[in-house]
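A look at the structure
For reference, the chains in residue letters:
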Amino acid sequence: MVASLVAAVVAAVCYGVASVMQAIAVRAASHRPVPGNQAAAPGPDGAAAPGPPGVDPGLLVRLLRQWRFVASLGLDIVGFLAQLVALHRLPLFAVQAMIAANLAVTAVCATWLIGATLRWREWVAVGGVVTGVGLLGTSAGPEGASQAGVVFKLALIVAVAGLGVLGAAAGRLPDRLRTPALGVIAGTGYGVLGVAARVLGGFEPLTLIRDPATYALIAAGIVSFLFYASALEGGSVTVATAAVVLAETVPPAAVGIIFLGDRTRPGLGGVAIAGFALAVCSAVALARFGEAHEDGRADGGGEPVAQMAGKASA
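What counts, and where the lines are drawn
Numbers given to residues run from 1 along each chain, matching the order in which its sequence is written. Residues qualify for local features only when their pLDDT is at least 70, as the model is predicted, and side-chain atom pairs are given and counted only at 80 or more; totals for whole chains, interfaces and linings, by contrast, use all residues. To get the side-chain values, all heavy atoms of the structure are used, and hydrogens and water are removed first. As used here, the term nonpolar core means buried Ala, Val, Leu, Ile, Met, Phe, Trp, Tyr and Cys residues forming a set that is joined through side-chain atoms within 4.5 Å. Between buried and exposed lies partly exposed: a residue is buried under 20% and exposed over 50% of the maximum accessible area for its type, with that area taken using a 1.4 Å probe on protein chains only. The contact rule is simple, with two residues in contact once any of their heavy atoms fall within 4.5 Å. pLDDT measures the predictor's confidence residue by residue and takes values from 0 up to 100. Here a strand is any run of E in DSSP of at least two residues, a helix any run of H or I of at least four, and the numbering for each starts at the N terminus. Any pair of nitrogen or oxygen atoms within 3.5 Å is treated as a polar contact; in protein, a donor-acceptor pairing is required on top of that, and neighbouring residues in sequence qualify only through side-chain atoms on both sides. A pair of aromatic rings is counted whenever rings of Phe, Tyr or Trp (Trp by its six-membered ring) have centres within 6.5 Å, and the orientation is called stacked for planes under 30 degrees apart, edge-to-face for over 60 and tilted otherwise.

**Considerations on the nonpolar core**
- Core analysis: the largest hydrophobic core is formed by 69 residues, its most contacted members being Phe93, Leu156, Tyr228, Phe276 and Leu286.
- Those residues in contact with tyrosine 228 that lie beyond four places of it in its chain are Ala186, Tyr190, Ala240, Thr241 and Val244.

**What about the confidence of the model for the protein chain?**
- In this model, the protein chain carries a mean pLDDT of 79, and residues with pLDDT of at least 70 account for 77%.
- Counting contacts from residues 34-53, a segment whose pLDDT is below 50, to residues more than four positions away or on other chains yields 29 contacts.
- Confidence drops under pLDDT 50 across residues 290-314; counting only partners more than four residues distant or on other chains, this segment forms 41 contacts.

**What to know about the side chain of arginine 198**
- Turning to its location among the elements, arginine 198 is positioned in helix α8 (residues 175-198).
- Judged by its relative accessible area of 8%, arginine 198 is buried.
- At a separation of 2.9 Å, a polar atom in the side chain of arginine 198 contacts the side chain of aspartate 262.

**Considerations on the packing of aromatic side chains**
- One pass over the structure, following the stated rule, counts 2 aromatic pairs.
- For the ring pair phenylalanine 69 and phenylalanine 225, a centre distance of 5.6 Å and an interplane angle of 45° mean the geometry is tilted. Note that phenylalanine 69 is positioned in helix α3 (residues 67-87) and phenylalanine 225 in helix α10 (residues 212-234), a separation of 156 residues in sequence. Assigned by exposure class, phenylalanine 69 and phenylalanine 225 land together as buried.
- Taking the centre distance of 6.2 Å and the plane angle of 50° together, the rings of phenylalanine 152 and phenylalanine 259 count as tilted. One end of the pair, phenylalanine 152, is in helix α7 (residues 150-170); the other, phenylalanine 259, is in helix α11 (residues 237-259), with 107 residues separating them in the sequence.
- Looking at phenylalanine 259, the relative accessible area reads 53%, which means it is exposed.

Have a look at this one:
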């Protein structure tokens, strides 16, 4: 149990550091106008190119040319492996909330990587995340005894396919609706990824090849990252991240309790609920830190992350 708790914290730290690096890389690789700036990134011929309609798959290709993005993928891999270890012993509601705690890591790391300053409310939110995770670690029981059948795992693949269709449609919405819609879809996909990782039958190569959950996990990871990157590319980092946090924590927690038998320690259900709510709400409060400015203000002063990303890639 202790090793699983440590693994969940390691996953949150890795994801948090990777998020800052990916946000900078996405802005630098984007061909869409920066929110609030009508000038589009130059096209191949040097002329101003309008933002591409819908979801731009070429974004992933351009991101692979960014060293920050490549390094962040390494951190994501380490974080995912740690998440698998955590899911082996802990219930979904605890692991997903702890993973959402990576936003506290993101906020603190951003003070080093982009020179922003945390305000007192953001420090309170960081403390809320830490406290909520502590309560979850204290109250979480072992993972549920229920084993998922083939039908359940195939349903995960169908869910990912449905998210792909919804994401493609959401990508063509106006930015005001596009960003939260893609955030919710990406967050739901990350939730499916967590559920799929939770129900893997084993880690032996032959077992993984034969397990439908393996393919649901891989597909969910690709689809979710593409939609989250697209949400960051053309809209508010705050809105996108808040939507992802809510969608990747609440639905998987419900699935774990209803279908997979996840429970808390006897008599600590209230503590688990309080810890979950505190961790998730505090993480959502920190989502707006994604738009912090170089001078630490969020009121329009200073230099936005998007502009700083352009400098970093120069």
